[in-house]
Amino acid sequence: MTATEVLAARWDQVMMPTYGTPPVAIARGEGCRVWDSDGREYLDLIGGIAVSALGHAHPALVSAVSRQVATLAHSSNLAMHEPGVRLAERLLALLGGDGRVFFSNDGAEANEAAFKLARRHGRAFDPSGGRLELVAAEGGFHGRTLGALALTGNPTKREPFAPLPGPVTFVPYGDAAAVAAAVTSRTAAVFLEPTLGEGGVVPPPPGYLRAAREACDRTGALLVVDEVQSGVGRTGLWFAHQAEGIRPDVVTLAKGLGGGMPIGACVGLGPAGTLFAKGDHGSTFGGNPVSAAAALAVLDTIERDGLLESVRTVGSRLADALRGIDSPLVRGVRGAGLWLALVLARPVAAEVEAAARDAGLLVNAVQPDAVRLAPPLVLSAAEADRAVEGLRAAVDEVEAATTVAVASAAGPRASGRGPDQDKDVR
Ligand SMILES: *Cc1c(COP(=O)(O)O)cnc(C)c1O
């Protein structure tokens with residue numbers, strides 16, 4: 001048995017099966033490369049799901065975390081600390097305004113805080129407690145805790161755990177008229193991702209967030225933009241909503257913020273920053289000194305090394321090359337920066353993920369027909385080129401295998417691209 005197989009057998013004995021048995025065991029990493037428990041090297045094109053912003057073992061992160069853990073690992077909220085205050089100052093400056101930050105440990109907790117802010121906001125409008133309604137998107141994802149799950153537009157994830165807090169009205173993602181129609185004087189807040197992440201890296205049509213902003217302004221609802229996956233440079237901007245030039249009331253962050261250390265943030269801009277009063281919310285570990293120091297190292301490195309610019313140039317090189325893969329299995333590419341989905345003509349993303357892994361690339365079948373790439377923001381042009389070669393081979397291998405399977409099951413006409421299938425899927 002390989003070391004990976006041994007670990008898988010032990011995993012199955014002790015871990016709740018929420019994640020199934022992952023197909024790989026990662027032992028260490030450096031830059032955009034990781035090594036599994038058997039010493040096999042991979043190019044990491046998923047970055048722990050858009051988390052390892054600086055790649056693995058980046059010297060800036062290693063030194064910031066090491067220094068902080070050797071100085072002060074934890075203070076609790078009974079004491080202030082410099083890294084936390086500095087990080088809040090930094091985030092507010094990047095978000096272009098006055099506001100207040102609540103630090104959490106992850107994305108779901110950041111959205112829980114935003115959910116409670118929405119309740120405070122609704123009560124301020126209507127002290128009898130009536131203005132409670134929320135609007136969120138079908139296909140959206142906001143986390144697994146009960147409040148975040150209530151906002152997640154995926155009935156199969158939600159329904160087993162009903163009843164959930166609400167009420168939440170779900171609207172089709174990307175439909176400006178639908179969000180405008182759903183927002184009423186009973187709406188406390190609208191929760192939207194700037195691009196669906198878990199939904200398959202699906203950007204909305206231009207103007208969508210602006211339309212949501214206008215709908216919220218019309219009725220006084222809060223616009224909560226969930227930048228847990230899209231934020232911190234992922235799209236080549238500090239925050240994805242900045243592409244639309246809007247100002248949300250609340251921005252939630254996590255994933256890439258700590259570069260691998262757990263930290264999330266719920267940022268209330270303008271009046272939304274002062275909705276919570278003393279005692280309204282809390283977290284023992286949220287924004288602890290070590291995670292805050294890690295996040296500061298991530299933000300400093302993005303700025304110092306010009307990573308936003310690099311994400312844009314390497315990202316478009318990667319997207320263009322993926323679009324150029326000449327295969328009937330490739331329908332197109334969605335996304336921006338280093339946050340892309342390779343969209344397939346058939347639901348064989350899991351097969352492509354497995355073939356890519358065999359070829360030494362870690363990618364993620366985020367939807368049955370979409371393979372997600374969310375590599376470290378430090379991905380080089382040479383690494384992007386290697387990614388394309390590996391994915392081309394993986395796609396060809398899956399196309400060859402599944403064409404034979406489909407052909408023998410359903411006849412020779414069952415495979416290949418139809419004439420109406422656009423290569424440039426949004
Ligand atoms: C991952 C994700 C979350 C949940 O974050 P966790 O850290 O897993 O709790 C919330 N919103 C979005 C958009 C995400 O991608």
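Attention now moves to the site of the ligand. As a structural note, the neighbourhood of the ligand is formed by D106, G107, A108, N111, F141, H142, G143, E193, D226, V228, Q229 and K255. Within the contact set of the ligand, a nitrogen atom lies 2.7 Å away from a side-chain nitrogen or oxygen of D226. Sorting elements by how many residues they give to the shell around the ligand places helix α5 (residues 107–125) first, with three residues. Each residue belonging to the shell around the ligand can be placed in one class, and the counts come to three nonpolar, five polar and four charged.

Counting buried residues along strand β12 (residues 339–344), six of its six residues qualify, which places the element largely inside the surrounding structure. Neither face of β12 is left uncovered, since the one carrying W339, A341 and V343 and the one carrying L340, L342 and L344 both have all their residues buried. With six bridges joining them, strand β11 (residues 330–336) and β12 adopt antiparallel strand pairing. The residue of β12 that forms the bridge with V330 is L344. In textbook terms, the turn of a hairpin is the stretch between consecutive antiparallel strands, and for β11 and β12 this stretch comprises two residues, one of which, G337, has a positive phi near 60 degrees.

With that settled, the discussion passes to helix α10 (residues 289–304). Spacing of three or four residues puts side chains on the same side of an α-helix, whose turn is 3.6 residues. The first and last C-alpha atoms of α10 sit 22 Å apart over 16 residues, in line with the 22 Å expected at 1.5 Å per residue. For α10, the N-terminal cap is N288; the gap from its side-chain oxygen to the backbone nitrogen of V290 is 3.1 Å. Positive phi shows up at G306, right after α10, with a value of about 60 degrees.

A volume near 780 Å³ is recorded for the second largest pocket. Lining the second largest pocket are 34 residues; nearest its centre among them are N77, V101, F102, F103 and H281. Secondary-structure elements contributing two or more residues to the lining of the second largest pocket are α4 (82–94), β4 (99–104) and β10 (264–269). Looking at the lining of the second largest pocket, the element that brings in the most residues is β4, giving four residues. Taken together, the residues of the lining of the second largest pocket break down into 14 nonpolar, 17 polar and three charged.

On to the sheet that holds β10. Taken together, seven strands build an open sheet; the order of strands is β4-β10-β9-β8-β7-β5-β6 and the sheet is mixed. Sheet topology places β4 and β6 (168–172) at the edges, where each strand pairs with a single neighbour. The average angle at which neighbouring strand axes cross in this sheet is 20 degrees, direction not considered. Sheet analysis places strand β8 (residues 222–226) next to strand β9 (residues 250–253), joined by three bridges and oriented parallel.

Now for helix α11 (residues 307–323). The terminal C-alpha atoms of α11, which comprises 17 residues, lie 23 Å apart, in line with the 24 Å expected from a rise of 1.5 Å per residue. Residues L307, L308, S310, V311, V314, G315, L318, A319 and L322 constitute the buried set of α11. Seen end-on, α11 carries its buried residues on one side only, within an arc spanning 145 degrees.

How two aromatic rings sit relative to each other is set out by the distance from centre to centre and by the angle between their planes. Within this structure, the stated rule accounts for one aromatic pair. On the numbers, 5.2 Å between centres and 70 degrees between planes, the contact of Y173 with Y208 is edge-to-face. On the criterion of sequence distance, the pair formed by Y173 in the loop between β6 and α8 (176–182) and Y208 in helix α9 (residues 208–219) is long-range, its members being 35 residues apart. Neither Y173 nor Y208 differs from the other in exposure class; each is buried. Its guanidinium or amino end placed over the ring of F125, R131 lies 4.1 Å from that ring's centre, counting from NZ or CZ.

Below, the discussion takes up the domain arrangement of the chain. Domain boundaries assigned for the chain yield domain 1 (3–57 + 306–425) and domain 2 (72–304). Each side of the interface is counted separately: domain 1 has 26 residues, and domain 2 has 28 residues. The junction of domain 1 with domain 2 conceals about 2,100 Å² of combined surface from both sides, 64% of it contributed by carbon and sulfur atoms. Looking at the side of domain 1 facing domain 2, the largest losses of area belong to L54, L308 and W339, adding up to 32% of the total buried there. The interface formed by domain 1 and domain 2 contains one salt bridge. Its salt-bridge partner being R372, residue E198 comes within 2.7 Å of it at the nearest N-O pair. At the junction of domain 1 with domain 2, the criterion picks out 15 residue pairs in polar contact (both at pLDDT 80 or more). Sorting the residues of the side of domain 1 that touches domain 2 by element identifies α2 (47–50), α11, β11, β12, β14 (364–367) and β15 (370–373) as the ones contributing at least two each.

We now examine the pairing of strand β5 (residues 133–138). For a regular strand, the rule is simple: side chains alternate between the two faces of the sheet. Here three bridges tie β5 to strand β7 (residues 187–192), and the two strands are oriented parallel to one another. Each bridged residue has a counterpart across the sheet, and for L134 the counterpart in β7 is A189. In this sheet, β6 lies alongside β5 in parallel orientation, the contact comprising five bridges. The residue of β6 that forms the bridge with V135 is T169.

The rules behind these values
Residues numbered from 1 in each chain as written. Predicted model: local features only at pLDDT ≥ 70, side-chain atom pairs only at ≥ 80, totals over all residues. Heavy atoms only, no water. Near = heavy atom within 4 Å. Polar contact = N/O pair within 3.5 Å; in protein donor to acceptor, adjacent residues only side chain to side chain. Helix = DSSP H or I, 4+ residues; strand = E, 2+ residues; numbered from the N terminus. Nonpolar A, V, L, I, M, F, W, Y, C, P; charged D, E, K, R; others polar. Buried < 20%, exposed > 50% of the residue type's maximum accessible area, 1.4 Å probe, protein only. Pairing = 2+ DSSP bridges. Expected span 1.5 Å × (residues − 1). 1 Å grid on protein atoms, 1.4 Å probe; cavity = no way out; pocket = protein on both sides within 12 Å on 5 of 7 lines; lining within 4 Å. Points joined across faces, edges and corners; volume = space filled by probe spheres on them. Axes fitted to C-alpha atoms, helices over the stretch in contact; angles between N-to-C directions. Arc of directions from axis to C-beta. Phe/Tyr/Trp six-rings, centres within 6.5 Å; stacked < 30°, edge-to-face > 60°. Lys NZ or Arg CZ within 6 Å of the ring centre and 35° of its normal. Domains from an automatic or database assignment. Contact = heavy atoms within 4.5 Å. Buried area = accessible area lost by both parts, 1.4 Å probe. Salt bridge = Lys/Arg side-chain N within 4 Å of Asp/Glu carboxyl O.

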